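Secondary and tertiary structure notes
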Amino acid sequence: MSDGVAAAVECVARESYGRLVARLAWQWRDLAAAEDALADAFAAALRHWPEQGVPNAPEAWLAAAAQRRLLHHARHVRLTLDPRVTALLDEAEPEAPERQAVPDARLQLMFVCAHPAIAANVHAPLMLQAVLGLDAKVVASAFLVSPAAMAQRLVRAKARIREAGLRFETPEARELPARLAAVLEAIYAAYTLGRHALDSPADDLRKEALFLARLAAQLLPRQAEAWGLLALLLHAESRRAAQFDAEGRFVPLPAQDPAGWRDDLIREAEAALWTAARLRQPGPFQIEAAIQSAHAQRRATGQTPWRAISQLYGVLVQHHANLGARVGQAVAQAEAGEPAAAVALLDALPLEATGYAPYWVARAHVLGLAGAPGRQAALQRAIGLTDDPRLRDFLVAQLG
Amino acid sequence: MQYMLIFNETTAETGRRDDPAAAPAYWGAWNAYVGAMWDSGIVVSGNGLQSPRTATHVRVEGGKRQVQDGPFADTHEHLGGYFIVETASLDDALEWAARAPCASAGSVEVRPVLPPPTNAPA
């Protein structure tokens with residue numbers, strides 16, 4: 001097979017996979033069958049395109065091939081309950097799908113993947129597989145789950161979609177915020193998994209998550225939190241290269257040289273945050289993005305506005321009192337000159353914090369600033385709990 | 001569920017134990033990891049092992065005993081230690097496996113422990 005055809009298939013796959021699966025799943029109300037049919041269509045493309053040439057409308061070609069496959073299957077199982085299916089069965093050649101029949105089927109697909117009837121820990125994996133076509137094995141590695149268990153969870157979720165007849169529709173306006181929050185959480189979870197990794201399945205995941213965040217903001221331009229998430233991820237992305245030095249060693253944010261941050265991404269992040277702010281619907285992702293925006297100010301002013309960051313964390317904790325936010329609040333407060341109060345904040349955290357590596361990293365740092373004992377022990381615990389080899393090396397070097 | 005975490009190290013990683021420049025970081029990481037595991041209450045038992053050089057290897061072939069010094073074979077990775085842990089699920093055991101220093105300089109195998117036979121004589 002020529003490289004040109006393989007590249008063309010890969011390009012169509014990246015561009016259209018989610019759109020095609022979503023459209024087919026919506027038509028047939030069966031996500032698993034839509035995925036299978038599309039996989040067959042891609043296999044057929046790899047067989048036929050080298051001889052026949054890449055068609056002018058490759059996406060339409062794939063849609064028609066997958067459609068034929070689904071019809072063929074339907075004839076076999078006599079799935080004629082749905083009158084629309086019966087109607088389709090009479091057509092000799094299914095027409096190519098019109099792109100604008102539904103606003104964007106990928107959005108509906110994201111909402112279905114994050115449906116409350118599906119277990120929350122499957123939302124992100126399901127979305128990555130259904131919208132982006134990632135291999136179950138890749139998804140399993142990124143989420144640190146055995147591939148067999150992940151495959152089983154995905155199959156179960158798809159069966160649930162079919163059985164419960166989850167509708168491939170945009171949720172009603174009143175349930176949109178709750179459903180959107182689940183969609184955005186899933187995208188965020190995918191991004192953070194890939195944040196520290198390089199050259200691994202988790203690294204690909206980071207890029208895919210960024211793609212999904214851009215897509216969500218594009219498709220829901222009136223939803224401030226979608227822009228907030230995009231701004232947050234873009235800020236994180238802008239500092240990626242500066243996170244590691246030339247030898248690949250981890251560099252914490254306050255020690256990073258802002259000259260290594262990517263200006264284009266910071267500007268895009270700031271624009272997204274402005275778009276969000278104009279919509280006047282405050283939410284946790286926007287506050288987190290504002291915190292990262294404050295960190296980015298150091299590029300222009302040479303100073304980190306810790307006092308402002310500490311106040312933003314205070315607001316964030318009111319919205320979303322999760323461990324990450326409370327640990328971040330303590331660090332900002334210590335940096336803003338109140339290390340004793342920061343230690344008290346950490347002391348007040350629930351017991352489950354003690355299984356969370358960032359808690360111990362923060363504790364070691366805050367105790368160091370406060371000049372209080374216990375820094376070594378906290379470092380030890382952080383080293384024992386982190387699964388990031390570069391952070392581990394960094395922390396071991398601090399042991400002294 | 002009980003799982004065995006089987007820590008495999010590359011030869012280069014095991015070599016850090018005897019390298020004065022690398023040994024403090026090597027032991028610092030392992031001590032912290034093992035300490036965190038014990039403190040979390042999941043450990044049933046476990047040990048690190050001395051270098052594969054110290055192994056003695058026994059095999060009976062056709063009724064004839066063969067005793068050899070050194071590890072079983074010249075493989076890329078060697079067993080460096082093991083722990084038996086009690087966790088609620090495989091996912092939890094995998095999370096601990098990923099935290100092991102050798103996860104990025106070797107590998108960690110996670111295997112469920114075979115339960116004792118139920119019809120064993122009392």
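Residues numbered from 1 in each chain as written. Chains lettered and ligands numbered in written order. Predicted model: local features only at pLDDT ≥ 70, side-chain atom pairs only at ≥ 80, totals over all residues.

1. What about the overall build of chain B?
- Secondary structure assignment for chain B yields three helices and six strands.
- Secondary structure of chain B in N-to-C order comes out as β-α-α-β-β-β-β-α-β.
- When its C-alpha atoms are laid out on the principal axes, chain B stretches across 50 × 40 × 20 Å.
- Looking at chain B residue by residue over its 122 residues, the buried ones come to 25%.
- By sequence separation, contacts in chain B at least 24 residues apart represent 76% of the contacts at least 6 residues apart. (Helix = DSSP H or I, 4+ residues; strand = E, 2+ residues; numbered from the N terminus. Buried ≥ 20, exposed ≤ 12 C-beta atoms within 10 Å, placed from the backbone. Contact = placed C-beta atoms within 7 Å.)

2. Looking at the overall build of chain A
- Looking only at helices and strands, one finds 20 helices and zero strands in chain A.
- The buried share of chain A, reckoned over its 400 residues, is 43%.

3. Re the interface of chain A and chain B
- Between chain A and chain B, the contact holds 16 residues from the first and 16 residues from the second.
- Going through the elements one at a time, helix 19 (375-385) and helix 20 (389-398) of chain A are the ones with two or more residues in the side of chain A that touches chain B.
- Element by element, the count of residues in the side of chain A that touches chain B is highest for helix 19 of chain A, at five residues.

4. Brief notes about the packing of helix 17 (residues 339-347) of chain A against helix 18 (residues 357-370) of chain A
Residue and element names in this part refer to chain A.
- Two elements in contact, helix 17 and helix 18, have axes separated by 8 Å at closest approach and are oriented at 150 degrees. As far as their axial angle goes, helix 18 and helix 17 are roughly antiparallel. Between helix 17 and helix 18 the crossing geometry is left-handed. Between helix 17, through Pro-339, Ala-340, Ala-342, Val-343 and Leu-346, and helix 18, the contact on the second element is made entirely by Ala-362, Arg-363, Val-366, Leu-367, Leu-369 and Ala-370.
- Here the residues of the contact of helix 17 with helix 18 sort into 10 nonpolar, no polar and one charged. (Axes fitted to C-alpha atoms, helices over the stretch in contact; angles between N-to-C directions. Parallel < 35°, antiparallel > 145°, perpendicular 65-115°, else oblique. Left-handed = near helix turned anticlockwise from the far one by under 90°. Nonpolar A, V, L, I, M, F, W, Y, C, P; charged D, E, K, R; others polar.)

5. Quick notes on unusual backbone geometry
- One non-glycine residue, Arg280(A), adopts positive backbone phi at about 55 degrees.
- By the secondary structure assignment, Arg280(A) is in the loop between helix 12 (263-278) and helix 13 (284-296).

6. Quick word on the nonpolar core
- Ranked by internal contacts, the top residues of the largest apolar core, which has 142 residues, are Ile187(A) and Ala216(A).
- If sequence neighbours within four positions are ignored, Ala216(A) has contacts with Met110(A), Val183(A), Leu184(A), Ile187(A) and Ala226(A). (Core = buried A, V, L, I, M, F, W, Y, C linked by C-beta atoms within 7 Å.)

7. Describing the packing of helix 12 of chain A against helix 13 of chain A
All names here are of chain A.
- Their axes nearest at 11 Å, the elements helix 12 and helix 13 cross at an angle of 140 degrees. The angle between the axes of helix 12 and helix 13 places the two elements in the oblique class. Crossing geometry of helix 12 relative to helix 13 is assigned as left-handed. Where helix 12 approaches helix 13, its residues Ile-266, Ala-269, Glu-270, Leu-273 and Ala-276 are matched on the opposing element by Gln-286, Ala-289, Ala-290, Ser-293 and Ala-296.

8. Some points on the sheet that holds strand 2 (residues 43-48) of chain B
All names here are of chain B.
- One open sheet holds the four strands; their spatial order is 2-5-1-6, and the pairing between them is antiparallel. The sheet is open, and its two edges are formed by strand 2 and strand 6 (106-112), each paired on a single side. If you compare each strand with its neighbour and ignore which way they point, the axes differ by 20 degrees on average.
- Relative to strand 5 (residues 77-86), strand 2 is paired through five bridges, and the arrangement is antiparallel. From the neighbouring strand, Gly-48 faces strand 5, where its bridge partner is Gly-81. (Pairing = 2+ DSSP bridges.)

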